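Single-letter residue listing:
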Amino acid sequence: MKRRERTRHLIELGGLVMKAGLVELVDDDRAAILGLLGEAAARLRAEDRAQQLLLWRRRGQRMFAAASLPVQD
């Protein structure tokens, strides 16, 4: 059961990478995606961690909200 939960979690995280548009923006360059994530992790180790996390969380919430809206022609 734990293996299934872990697999689902990893798939969901991969979906976030796709939803953010990173795959297309870097032409599916996985080293670049890992570098981007590493840069984000480095920023979260800095003194302004709370502020950075707040900004990213707000941006993510807006992206989720925009994705749930119907597409208008």
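Above this note sits the structure.
Residues numbered from 1 in each chain as written. Predicted model: local features only at pLDDT ≥ 70, side-chain atom pairs only at ≥ 80, totals over all residues. Heavy atoms only, no water.

Engineer: Residue-level account of the packing of helix α3 (residues 30–44) against helix α4 (residues 49–68), with values.
Structural biologist: Direction vectors running N to C along α3 and α4 enclose 135 degrees, while the axes themselves pass 8 Å from each other. With respect to each other, α3 and α4 are oriented oblique. Of α4, the residues touching α3 (which contributes Ala 40, Arg 43 and Leu 44) are Arg 49, Gln 52, Leu 53 and Trp 56. Tallied by class, the residues present in the contact of α3 with α4 amount to four nonpolar, one polar and two charged. (Axes fitted to C-alpha atoms, helices over the stretch in contact; angles between N-to-C directions. Helix = DSSP H or I, 4+ residues; strand = E, 2+ residues; numbered from the N terminus. Parallel < 35°, antiparallel > 145°, perpendicular 65-115°, else oblique. Contact = heavy atoms within 4.5 Å. Nonpolar A, V, L, I, M, F, W, Y, C, P; charged D, E, K, R; others polar.)

Engineer: Residue-level account of a nonpolar patch on the surface, with values.
Structural biologist: Where nonpolar side chains cluster on the molecular surface, the patch consists of Leu 10, Leu 13, Leu 16 and Phe 64 and spans about 350 Å² of accessible area. If one sorts the elements of the nonpolar patch by residue count, helix α1 (residues 2–19) sits on top with three residues. With respect to the helices, strands and loops of the structure, Leu 10 is situated in helix α1. (Patch = residues over 30% accessible without salt bridge, like charges linked within 9 Å, V, L, I, M, F, W, Y side chains within 5 Å. Areas by Shrake-Rupley, 256 points an atom, 1.4 Å probe, with all protein chains shown as cover. Salt bridge = Lys/Arg side-chain N within 4 Å of Asp/Glu carboxyl O.)

Engineer: Break down the layout of surface pockets for me, with residues and values.
Structural biologist: Over the atoms rolls a probe the size of a water molecule, and its path tells where empty space is left. As a volume, the largest pocket reaches approximately 930 Å³. Around the largest pocket, the lining comprises 20 residues; the ones closest to its centre are Ala 20, Leu 22, Leu 37, Ala 40 and Trp 56. Here the lining of the largest pocket gets eight residues from one element, more than from any other, and that element is α4. Here the lining of the largest pocket is built from residues that sort into 13 nonpolar, two polar and five charged. (1 Å grid on protein atoms, 1.4 Å probe; cavity = no way out; pocket = protein on both sides within 12 Å on 5 of 7 lines; lining within 4 Å. Points joined across faces, edges and corners; volume = space filled by probe spheres on them.)

As far as function goes, none of this settles anything; it's purely spatial.
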